[in-house]
Amino acid sequence: MVGLNPQTAQDSIGICINRVLGTPSTQSSQASLAGLGRGQVHLHHISLDQFQDPSQQAGIALIEQTNSLNAHELQRSAGFLHALDRQHFITARWSLRALLGGYLNLAPAEVPLTVTPTGKPTLSPPHHDLHFNLSHTGGRALLAATLGRSLGIDLETVVPLPEVLGVAARVCTDRELTELRSVSAQMRTAVFYRLWTRREAALKALGTGLGGPPEQVEVDGGPARSAWLRALGGSPE
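A. Structural context of the sheet that holds strand β9 (residues 140-147). Pairing within the open sheet is antiparallel, and its three strands lie in the order β5-β9-β8. On the outer flanks of this sheet lie β5 (41-47) and β8 (130-137), each paired with one strand and no other. Taking the axes of each pair of neighbouring strands and ignoring which way they run, one obtains an average angle of 15° across the sheet. Of the strand pairs in this sheet, β8 and β9 are connected by eight bridges, and their pairing is antiparallel. The partner of Phe132 across the bridge, within β9, is Ala145. Where helix α3 (residues 83-104) meets the sheet, its contacts fall on β5, β8 and β9, and the angle it forms with β8 comes to roughly 155°.

Here it is in structure tokens:
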């Protein structure tokens, strides 16, 4: 795997592209897809706050987006307690469908989204050579797309964490926790978010989610923008 970790004062972003587990798909001979060449990764930034305006036009657009979702997505949207969270989810899913549809030359409602047994969204054949991952926080989302390789992305809003070591002890490996303890108190929140977003991106690329043991992935919290994955499945990379 390789990873990137651009970071701003507001956001921490982890991106992981799976070059270790599995091989490029042999079931599709596509070298490119609507401008997405094999070996390339496209990143799309999505604003989820486009319907803050209570105008009739915004309401109509949200209804049109909702009508593009499938039954599973509608069920998930109905589970949100707050209207803003529901709107963000609907806009994120519609944007995902619209962007993937642009690659596949399909309308948003026609994009054949499904999920793996572990819950990772994917595309049904014959479009499964297009891999993607979506992450959102607050009013923003990021979509990563590539051909022939699974990938994961995580976007988190950086907020102060007074109990950062306590939080890290529950989700980090011993080595990651040692690294976090070794930096100054002023730097710990930034380093923790690097660890967290890189870890979640790697787990999403694997398709295992956060339910597995922390040791299945180990990452580095330094500022390097590549080669930050230390171990995969307990084995050094």
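B. How the structure looks around the packing of aromatic side chains. Scanning the model with the defined rule gives three aromatic pairs in all. Aromatic pair Phe80 and Phe89: ring centres 5.3 Å apart, planes at 40°, arrangement tilted. Residue classification places Phe80 among the partly exposed residues on the basis of a relative accessible area of 27%. Measuring from centroid to centroid gives 6.3 Å for Phe192 and Trp196, while their planes differ by 25°, and the two rings are stacked. Note that Phe192 and Trp196 are positioned in helix α6 (residues 185-206) at a spacing of four residues, about one turn of the helix. Here the aromatic cluster, defined as three or more aromatic residues joined through ring pairs, consists of Phe192, Tyr193 and Trp196.

C. Just the pattern of salt bridges, in detail. By the definition in use, this model includes five salt bridges. Across the salt bridge formed by Glu73 and Arg93, the nearest N and O atoms sit 3.0 Å from each other. With Glu73 in helix α2 (residues 71-78) and Arg93 in helix α3, this residue pair connects regions lying 20 residues apart in the sequence. Residues Glu73 and Arg93 agree in their burial class; the two are buried.

D. Structural context of the confidence of the model for the protein. Put simply, the protein has an average pLDDT of 80, and 74% of its residues get 70 or more. Scored below 50 in pLDDT, residues 1-9 makes 43 contacts in the model with residues more than four places away or belonging to other chains. Counting contacts from residues 19-29, a segment whose pLDDT is below 50, to residues more than four positions away or on other chains yields 18 contacts.

E. Structural view of the nonpolar core. Formed by 19 residues in total, the largest nonpolar core has its most connected members in Leu100, Leu123 and Leu130. Contributing elements (two or more residues each) for this core: α3, β8 and β9. Considering every element that reaches this core, the biggest residue donor is α3, with five residues. In this structure, Leu130 is in contact with Leu33, Leu36, Leu100, Tyr103, Leu104, Leu123, Ala145, Thr146 and Leu147, ignoring residues within four places of it in sequence. One finds Val164, Leu177, Leu206 and Val219 within the second-largest nonpolar core, a separate group that totals 16 residues.

F. Summary view of the environment of Trp94. As for its placement among the helices and strands, Trp94 is situated in helix α3. Sequence-distant contacts of Trp94, that is, excluding residues within four places in its chain, are made with Gln65, Ser68, Leu69 and Pro108.

G. Region of interest: the side chain of Ser135. Following the sequence through the fold, Ser135 ends up in strand β8. Taking relative accessible area as the criterion, Ser135 reaches 5% and is therefore assigned buried. Within polar-contact distance, the side chain of Ser135 engages the side chain of Asp154 at 3.4 Å. Excluding anything up to four places from it in sequence, Ser135 contacts Arg140, Ala141, Leu142, Ile153, Asp154, Leu155 and Lys204.

H. Spotlight on unusual backbone geometry. For the peptide bond that leads from Pro125 to Pro126, omega is 10°, which places it in the cis range. On the secondary structure map, Pro126 appears in the loop between β7 (121-123) and β8. With a phi close to 60°, Asn105 is a non-glycine residue in the positive phi region.

Basis of the calculations
- The residue numbers shown here count from 1 along each chain, following its written sequence.
- Local features in this predicted model are restricted to residues of pLDDT 70 or higher, and side-chain atom pairs are both shown and tallied only at a pLDDT of 80 or more, whereas totals for entire chains, interfaces and linings draw on every residue.
- Where side-chain values are given, they derive from all heavy atoms of the structure, hydrogens and water being excluded.
- For two strands to count as paired, DSSP must find a minimum of two bridges between them.
- Counting from the N terminus, the helices are the DSSP runs of H or I reaching at least four residues and the strands are the DSSP runs of E reaching at least two.
- Note on method: axes are straight lines fitted to C-alpha atoms, helices fitted across the in-contact stretch only, with angles between N-to-C directions ranging 0 to 180 degrees.
- When checking whether two residues touch, look at their non-hydrogen atoms; a contact exists if any pair is within 4.5 Å.
- Working definition: a ring pair exists when centres of Phe, Tyr or Trp rings (six-membered ring for Trp) sit within 6.5 Å. Plane angles under 30 degrees give stacked, over 60 give edge-to-face, the rest tilted.
- Classification of residues uses two cut-offs on accessible area relative to the type maximum, computed with a 1.4 Å probe and protein chains only: under 20% is buried, over 50% is exposed, and between them is partly exposed.
- Criterion for a salt bridge: a side-chain nitrogen of Lys or Arg within 4 Å of a carboxyl oxygen of Asp or Glu.
- Every residue is assigned a pLDDT by the predictor, reflecting its confidence on a scale from 0 to 100.
- The term nonpolar core refers to a set of buried residues drawn from Ala, Val, Leu, Ile, Met, Phe, Trp, Tyr and Cys, joined through side-chain atoms within 4.5 Å.
- Two N or O atoms form a polar contact when they lie within 3.5 Å of each other; inside protein one atom must be a possible hydrogen donor and the other a possible acceptor, and for residues adjacent in sequence the pair counts only when both atoms belong to side chains.

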